[in-house]
Protein chains: 2
Amino acid sequence: MKILVIGGCGFIGSHIVDRLLEHGHTVKVLDRQAEQFRTPLHGVEYVFGDFTDSAHILEALTGVDAVMHLASTTVPGTADLDPSADVRNNLLGTLSLLESMTRVGVSRVLFLSSGGTVYGPPDVVPIPEDHPLRPINSYGIVKTAIEHYLQAFEATRGLSPISVRASNPYGPRQGHTGVQGVISTFLKRAMAGEQIEIWGDGSVVRDYLHVCDLAEVCALAIASEKTGPYNAGFGDGTALTRIVDILREVIGRDISVVFKPARKIDVAKSVLDVTRAREDFGWTCRIGLRDGMEDTYRWLQKQAVQHG
Amino acid sequence: MKILVIGGCGFIGSHIVDRLLEHGHTVKVLDRQAEQFRTPLHGVEYVFGDFTDSAHILEALTGVDAVMHLASTTVPGTADLDPSADVRNNLLGTLSLLESMTRVGVSRVLFLSSGGTVYGPPDVVPIPEDHPLRPINSYGIVKTAIEHYLQAFEATRGLSPISVRASNPYGPRQGHTGVQGVISTFLKRAMAGEQIEIWGDGSVVRDYLHVCDLAEVCALAIASEKTGPYNAGFGDGTALTRIVDILREVIGRDISVVFKPARKIDVAKSVLDVTRAREDFGWTCRIGLRDGMEDTYRWLQKQAVQHG
């Protein structure tokens, strides 16, 4: 298949591109800028521009069999600062993409949704895909609205959409801006000898998924004929305090932690039920948390040597 | 209380204004144009403008204790024709309103949501408020996203929002454009001696609510301190074929019906569970379907005499 990866130069996108190439697909990337940590890949066609610009999209869609839509201008921690911008860029931008797709007759699309925010405070853990969607922040509200539109476009406009609801991805090439990705953020701070900040008592449980495992399920999902939502998580949860413990082991020295007041927006425990993806795609996570954190640490060390 | 009614010149809005005045409130109306069927009401302050224009909103919010947001630029039957416009006008417009409210310190807001579209195909009938929201058309997707934002703004910005999820309102002053309100549309066609068109076999069941009963629950809701969603329906469903039977009785002559292919977007049965509104507000519907249709018929006759 020839696959257009929107956001293919980002953290998750770059790993998905790698995996699609390994699976034998032809890859075109649309992104606003080049990859941060690598030079352009041989054999990949790059188009630079904004996915919300329909002229760019229509050009990028030429000759394409399927689209993977991974682009987002916001992260969970910042979207609430300007919900209108979140809606304008991500919801309207995605609607414009879907309308362009139906116009040029490209029907297959994978949307990267958010297993950590679309459900809101869960009734049951691990959370299955048919759990009600009750998002409590803008990031999750927009992702939910996009998923609803995907379904509506499937019913009325012949779209073939699949949504991958990722839990908390981590791994090499994650931006460590401090607003997303506790594992990269913690590792980076610990390596710099800085304190780690934890909101609340550290009991908050999240489902950490290595980005290579996420890329694999996305590559399997786009090539399938399945539609609808699929959770993508490790399927098991880890408390923040346990993350810090593993971090100490991985780095091999003590780390100073400061606890800050809990945030209202953090649900206590979020772990995804990944039965559906296992049964439909034969997918299971291959990288455990300890190995994944070591892998991320090694990558960060290499970065530090190159740039430090 | 001094209440700003956005959309107060529309079908539902005009009845809500009547009811608020009866309850002793002071009313200010913001709408794009004057009422279609009545001259401006004595003692009501009218501001004409667009609710999506924040300059108008900020001016209209002056001196106000609470806001009732009933404005919508779309109806369920047309929103899917241009989902981007639906999002731009109604979702972004509402976010702009909520941001203006928090800026000037007005926290109480009633939002008129849609019990007929936010739930999507129901798991159980009658549908309770905690039923998952799985809208399948743009109108419902936008209403759902707005409800999610209301809740997010309650948690983080001190908003006090209540949503009234109306079923299928009907009654005097309903526009009969053919795209909304089967009862008015059917009555009008029958009075003109025209055929009535039914999509499907007429077995589709809806929860028809007289607009005066809806206005009453909205007036009770805004004056309460409750937040969250409240269904507003008759609590009982009626098939389209039964509507036609009552119509024949009300008008007193036979009516010709033509059946057209069923539409994908119509769920088979939609009836709301109204226990919560009854328990919290002591509200029950006073106007049965037969009486309500006669009332609507008399109003349409009067209109026909005045304008015909």
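Our structure is the block above this text.
Residues numbered from 1 in each chain as written. Chains lettered and ligands numbered in written order. Predicted model: local features only at pLDDT ≥ 70, side-chain atom pairs only at ≥ 80, totals over all residues. Heavy atoms only, no water.

**Quick look at the packing of helix α1 (residues 11–22) of chain B against helix α6 (residues 211–223) of chain B**
All names here are of chain B.
Working step 1: Contact geometry of α1 with α6 gives a least axis separation of 8 Å together with a crossing angle of 60°. As summarised for this structure, α1 and α6 are arranged oblique, according to the angle between their axes. Considering how the two elements wind past one another, α1 and α6 form a crossing that is right-handed. Residues Phe11, Ile12, His15, Ile16, Arg19 and Leu20 of α1 form the contact with α6, whose participating residues are Val211, Cys212, Leu214, Ala215, Glu216, Cys218, Ala219 and Ile222.
Working step 2: Classifying every residue of the contact of α1 with α6 gives eleven nonpolar, one polar and two charged. (Axes fitted to C-alpha atoms, helices over the stretch in contact; angles between N-to-C directions. Helix = DSSP H or I, 4+ residues; strand = E, 2+ residues; numbered from the N terminus. Parallel < 35°, antiparallel > 145°, perpendicular 65-115°, else oblique. Left-handed = near helix turned anticlockwise from the far one by under 90°. Contact = heavy atoms within 4.5 Å. Nonpolar A, V, L, I, M, F, W, Y, C, P; charged D, E, K, R; others polar.)

**Quick notes on the interface of chain B and chain A**
Working step 1: Counting residues at the interface gives 29 residues for chain B and 29 residues for chain A.
Working step 2: Together, Ile141(B), His148(B) and Tyr149(B) form the three largest contributors to the area buried by chain B at its contact with chain A, with a combined 25%.
Working step 3: Where chain B meets chain A, there are zero salt bridges.
Working step 4: Here chain B and chain A share eight residue pairs in polar contact (both at pLDDT 80 or more) between them.
Working step 5: The set of elements that each furnish at least two residues to the side of chain B that touches chain A consists of α3 (83–104) and α4 (138–157) of chain B.
Working step 6: Counting residues per element, the side of chain B that touches chain A draws most heavily on α4(B), at eleven residues. (Buried area = accessible area lost by both parts, 1.4 Å probe. Salt bridge = Lys/Arg side-chain N within 4 Å of Asp/Glu carboxyl O. Polar contact = N/O pair within 3.5 Å; in protein donor to acceptor, adjacent residues only side chain to side chain.)

**A word on the sheet that holds strand β12 (residues 238–239) of chain B**
Working step 1: The strand order β12-β9-β14 (chain B) describes an open sheet built from three strands, whose pairing is mixed. Each edge of the open sheet is held by one strand with a lone partner, namely β12 and β14 (269–270) of chain B. (Pairing = 2+ DSSP bridges.)

**Describing the sheet that holds strand β5 (residues 108–114) of chain B**
Adjacent strands of a sheet pair through backbone hydrogen bonds, lying either parallel or antiparallel.
Residue and element names in this part refer to chain B.
Working step 1: With parallel pairing, the seven strands of this open sheet are ordered in space as β3-β2-β1-β4-β5-β6-β11. Each having just a single partner strand, β3 (45–48) and β11 (228–232) make up the two edges of the open sheet. Neighbour to neighbour, the strand axes of the sheet diverge by 20° on average, direction disregarded.
Working step 2: Relative to strand β6 (residues 160–166), β5 is paired through seven bridges, and the arrangement is parallel. When the sheet's bridge partners are listed, phenylalanine 111 is paired in β6 with serine 163.
Working step 3: Together, β1 (2–6), β4 (66–69) and β5 form the strand contacts of α3, whose direction differs from that of β4 by roughly 175°.
Working step 4: Sheet strands touched by α4: β5, β6 and β11. Its angle to β5, the strand with the most contacts, is close to 155°.

Keep in mind these values describe shape, not function.
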